[in-house]
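Descriptive structure summary
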Amino acid sequence: SKGEDKKMDDGLIYVGSKPLENYIKAITTQLNITNEVKVITKKFNILTAIDAVEEVKKDFPNLQVETIIGSDYDISYDKRIRRRYSMITIILKKN
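My aim in this report is to walk through the structure given alongside it, one point at a time. Computed from a predicted model, the values in this text were never measured in an experiment.

1. Here's the deal with the packing of aromatic side chains
Taken as a whole and judged by the stated rule, the model has zero aromatic pairs. When the ring centre of Y85 is taken as reference, the NZ or CZ atom of K43 above it lies at 5.2 Å.

Okay, structure coming up:
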């Protein structure tokens, strides 16, 4: 969805449906500016977020990684159907 495409605010990267390279570049750019970056995603984009972080770790070998895994619910437009989805926040810290 459009709201989950790449955004960069205060070290936050929201991973959506854009190509993997976009998120690798966004994370790298933020790590060159700040000491902490949070990579946030949900549903079907979790694999993209993990792949991006794994690629970035090659350029930042001393990067500390913390992962927060959770879930939430989507409610249908008629409020009758609740669907559970997974979400993940990966916190990257430079030493």
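Next, the rest of the story.
2. Details of the nonpolar core
I13, I27, L31, V39, I90 and L92 are the most contacted members of the largest nonpolar core, which totals 18 residues. In terms of residue count, helix α2 (residues 46-59) provides more of this core than any other element does, five residues in total. Among residues more than four places away in sequence, those in contact with I90 are V37, K38, V39, A49, I50, V53, V65, E66 and T67.

3. Description of the pairing of strand β4 (residues 64-75)
When a strand is regular, its side chains alternate between the sheet's two faces. Note: β4 against strand β5 (residues 82-93), 12 bridges, orientation antiparallel. In the strand pairing of β5, G70 is matched with M87. Joining the antiparallel neighbours β4 and β5 is a turn of six residues, in which K79 adopts a positive phi near 60°.

Rules used in this analysis
Residues numbered from 1 in each chain as written. Predicted model: local features only at pLDDT ≥ 70, side-chain atom pairs only at ≥ 80, totals over all residues. Heavy atoms only, no water. Phe/Tyr/Trp six-rings, centres within 6.5 Å; stacked < 30°, edge-to-face > 60°. Lys NZ or Arg CZ within 6 Å of the ring centre and 35° of its normal. Core = buried A, V, L, I, M, F, W, Y, C linked by side-chain atoms within 4.5 Å. Buried < 20%, exposed > 50% of the residue type's maximum accessible area, 1.4 Å probe, protein only. Helix = DSSP H or I, 4+ residues; strand = E, 2+ residues; numbered from the N terminus. Contact = heavy atoms within 4.5 Å. Pairing = 2+ DSSP bridges.

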